[in-house]
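Single-letter residue listing:
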Amino acid sequence: MALRNMVIEGDERLSKVCRPVTVINDHIVKLIEDMEETLADQNGVGLAAPQVGVMRRIAIVDTGDGILDLIDPHILETEGSQTGVEGCLSCPDRWGVVTRPMKVTVRATNRKGECYTYTGEGLTARCICHECDHLDGILFTQKAEHMLTPEEAKKYFNEDRR
Ligand code: NI
């Protein structure tokens, strides 16, 4: 495994629609392993392939229940809504208030080539939506109702840790 370089906001690759994967070969498996290592290194909860410069429909999510491989993901169903503070590894020190579904059912393929359906709630649902958006060239900053000022962000994180 190896760490990959992060693509940062302002890079046009983050606003492009990614291509489907269709065939999972060693190259794709290696990419996902590298993304997993990169995500852990960055202390994140989700990472999409365009964030490491690969324009394919691949993302991973890890909100504490193990890694979820999202290859060619499709959101089948959403339920409810949640409004909360969100960030992105490609947008360092930027935080915004985004409304997302509370519950999401996604169909995707994992790195073994198995097609599966998964339902996630809360942070996992938020993360699945955020990563799927990346594959369509959409950043959370475009969906944010409000971007936190540095003062608001500081206050938010102080309160969060209490
Ligand atoms: Ni992101």
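Just so we're clear, the structure is a prediction, and the values are computed from it rather than from any experiment.

What counts as what
- Residues numbered from 1 in each chain as written.
- Predicted model: local features only at pLDDT ≥ 70, side-chain atom pairs only at ≥ 80, totals over all residues.
- Heavy atoms only, no water.
- Core = buried A, V, L, I, M, F, W, Y, C linked by side-chain atoms within 4.5 Å.
- Buried < 20%, exposed > 50% of the residue type's maximum accessible area, 1.4 Å probe, protein only.
- Helix = DSSP H or I, 4+ residues; strand = E, 2+ residues; numbered from the N terminus.
- Contact = heavy atoms within 4.5 Å.
- Salt bridge = Lys/Arg side-chain N within 4 Å of Asp/Glu carboxyl O.
- Donors = N, O, S within 2.8 Å, 3.2 Å for Na, K, Ca; no water.

> Report on the nonpolar core, specifying residues and quantitative values.
One finds Val61, Leu68, Leu70, Val104, Tyr116 and Ile128 to be the most contacted residues of the largest nonpolar core, which totals 16 residues. Examining the composition of this core, we find that six residues originate from one element, helix H2 (residues 123–135), more than from any other. With near-sequence residues (within four places) excluded, Leu70 lies in contact with Arg57, Ile58, Ala59, Val61, Val106, Ala108, Thr109, Tyr116 and Ile128. Val21, Ile28, Leu39 and Ile71 belong to the second largest nonpolar core, which has 14 residues in total.

> I'd love a proper account of the pattern of salt bridges, names of residues and values included.
Scanning all chains against the criterion turns up twelve salt bridges. For Lys16, the salt bridge is made with Glu12, and the minimal N-O distance between the two is 3.3 Å. Exposure remark for Glu12: the relative accessible area of 54% places this residue in the exposed category. Taking the shortest distance from any N to any O, the salt bridge between Arg100 and Glu86 comes out at 2.7 Å. Taken together, the positions of Arg100 in strand S5 (residues 96–100) and Glu86 in strand S4 (residues 82–86) put the pair 14 residues apart, joining distant regions of the chain. One continuous salt-bridge network, built from bridges that share partners, spans Glu86, Arg100, Arg126, Asp133 and Lys143.

> Summarise the coordination of the nickel ion; cite the residues concerned and give the values.
Every protein donor of the nickel ion is listed here as Cys88 (SG), His130 (NE2) and His134 (NE2), and their distances to the metal cover 2.0 to 2.2 Å. Each donor residue of the nickel ion lies on one chain, and together they are spaced C-x41-H-x3-H. Here His134 and His130 lie together in helix H2, a separation of four residues that amounts to about one turn. Per residue, the accessibility class of His130 equals that of His134, and both read buried.

Function cannot be inferred from these measures alone, as they are strictly geometric.
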